[in-house]
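Residue-level structure breakdown
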Amino acid sequence: MQRKRSYLRKIRQEKQLSISDVAKEIGIDNSHLASIERGRKSPSWDVGCRLGKFFGIEACTLLQRDGDEE
């Protein structure tokens, strides 16, 4: 199943942050974050936790699969 990545992009854009801003803050490459947002790559649990902490949301929300209940 495709993972929900549009949510990650949505919250990043709502906070008016660039991919570069977020990637630098959590310690990954811009291209890696862009691939996660596009659903081409799945984040590791560690990256998911860093993203969750950065945005103030639970990592499981970011790692949830389409069709899973929230």
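Our subject is the structure that appears above.
Values in this document were obtained by computation on a predicted structure and should not be read as measured data.

1. A look at helix 1 (residues 6–14)
All of the buried residues along helix 1 are L8, I11 and R12. End-on view of helix 1: buried residues confined to an arc of 100°, all on one side of the axis. Exposed side chains of helix 1 directed beyond 90 degrees from the buried face belong to S6 and E14. Looking at the residues trailing helix 1, positive phi occurs at Q16, about 55°.

2. So, the side chain of S35
Its place among the elements puts S35 in helix 3 (residues 30–37). Contacts of S35, omitting those with residues within four sequence positions, involve R40 and K41.

3. Let's talk about the pattern of salt bridges
As enumerated under the stated definition, the model contains three salt bridges in all. Linking R50 and D46 is a salt bridge whose minimum nitrogen-to-oxygen distance equals 2.6 Å. Note that R50 and D46 are positioned in helix 4 (residues 45–55) at a spacing of four residues, about one turn of the helix. The class for R50 is partly exposed, based on a relative accessible area of 28%. Take D46: its relative accessible area is 45%, and that puts it in the partly exposed class. One network of salt bridges, in which partners are shared, links R9, R12 and E37.

4. Some words on the packing of helix 1 against helix 3
The packing of two helices is summarised by the inter-axis angle and the distance between the axes. Taken N-terminus to C-terminus, the directions of helix 1 and helix 3 make an angle of 120°; their axes are 7 Å apart at the nearest point. With respect to helix 3, the axis of helix 1 lies oblique. Judged by residue contacts, S6, L8, R9 and R12 of helix 1 engage L33, I36 and E37 from helix 3.

5. Some words on the packing of aromatic side chains
Applying the stated criterion across every chain, the model contains one aromatic pair. Ring centres 5.0 Å apart and planes at 85° place the aromatic pair F54 and F55 in the edge-to-face group. Since its relative accessible area comes to 7%, F55 is described here as buried.

Rules used throughout
Residues numbered from 1 in each chain as written. Predicted model: local features only at pLDDT ≥ 70, side-chain atom pairs only at ≥ 80, totals over all residues. Heavy atoms only, no water. Buried < 20%, exposed > 50% of the residue type's maximum accessible area, 1.4 Å probe, protein only. Helix = DSSP H or I, 4+ residues; strand = E, 2+ residues; numbered from the N terminus. Arc of directions from axis to C-beta. Contact = heavy atoms within 4.5 Å. Salt bridge = Lys/Arg side-chain N within 4 Å of Asp/Glu carboxyl O. Axes fitted to C-alpha atoms, helices over the stretch in contact; angles between N-to-C directions. Parallel < 35°, antiparallel > 145°, perpendicular 65-115°, else oblique. Phe/Tyr/Trp six-rings, centres within 6.5 Å; stacked < 30°, edge-to-face > 60°.

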